[in-house]
Amino acid sequence: MELDGFAPDFPHDGERAEDAIARLHPPLVICADGALPAVESELFLARAAKRGQVVLFASPEIAAEVRARAEQRGFPFFELPVDRDTLARVLAEAATT
């Protein structure tokens, strides 16, 4: 991500995703692992979307479920593993919306 101009930040050990978002104030894009329990929360997704564009991703084992959740909310989605070009395109598109 850094090679494409994005600077990732992460929650501290033991920090809730929602608290990390409040602490970091992400300017454009929030990437959320679809396997995280917080991502199943409507409240978390609504609050995250107020802070920036939400992008969901998932491993192949849960990709269909997370893709459906992303599509339902109009969030971009990508499945892991992902090549650099695809990741850069998804994040660039999300950053401009």
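Residues numbered from 1 in each chain as written. Predicted model: local features only at pLDDT ≥ 70, side-chain atom pairs only at ≥ 80, totals over all residues. Heavy atoms only, no water.

## Looking at the nonpolar core
In this structure, Leu45, Leu56 and Phe77 are the most contacted members of the largest nonpolar core, which totals 15 residues. Counting residues per element, the ones that place at least two in this core are β1 (29-33), α2 (42-51), β2 (53-58) and α3 (63-73). Residue contacts for leucine 56: discarding those within four places in its chain leaves Ala32, Val39, Leu45, Val66, Arg69, Ala70, Phe75, Pro76, Phe77 and Phe78. In terms of nonpolar packing, the next biggest core, distinct from the first, is built from eight residues, Phe6, Val55, Phe57 and Val90 among them. (Core = buried A, V, L, I, M, F, W, Y, C linked by side-chain atoms within 4.5 Å. Buried < 20%, exposed > 50% of the residue type's maximum accessible area, 1.4 Å probe, protein only. Helix = DSSP H or I, 4+ residues; strand = E, 2+ residues; numbered from the N terminus. Contact = heavy atoms within 4.5 Å.)

## Observations regarding the pattern of salt bridges
Scanning the model with the defined rule gives eight salt bridges in all. For glutamate 65, the salt bridge goes to arginine 69, with nearest N and O atoms at 2.7 Å. You can see glutamate 65 and its partner arginine 69 sitting in helix α3, four residues apart, about one turn around the helix. Given a relative accessible area of 10%, arginine 69 falls into the buried group. Arginine 67 serves as the salt-bridge partner of glutamate 79, at 4.0 Å between the closest nitrogen and oxygen. With a gap of 12 residues between them, glutamate 79 in strand β3 (residues 77-79) and arginine 67 in helix α3 connect regions that are remote in the sequence. (Salt bridge = Lys/Arg side-chain N within 4 Å of Asp/Glu carboxyl O.)

These values are about where atoms sit, not about what they do.
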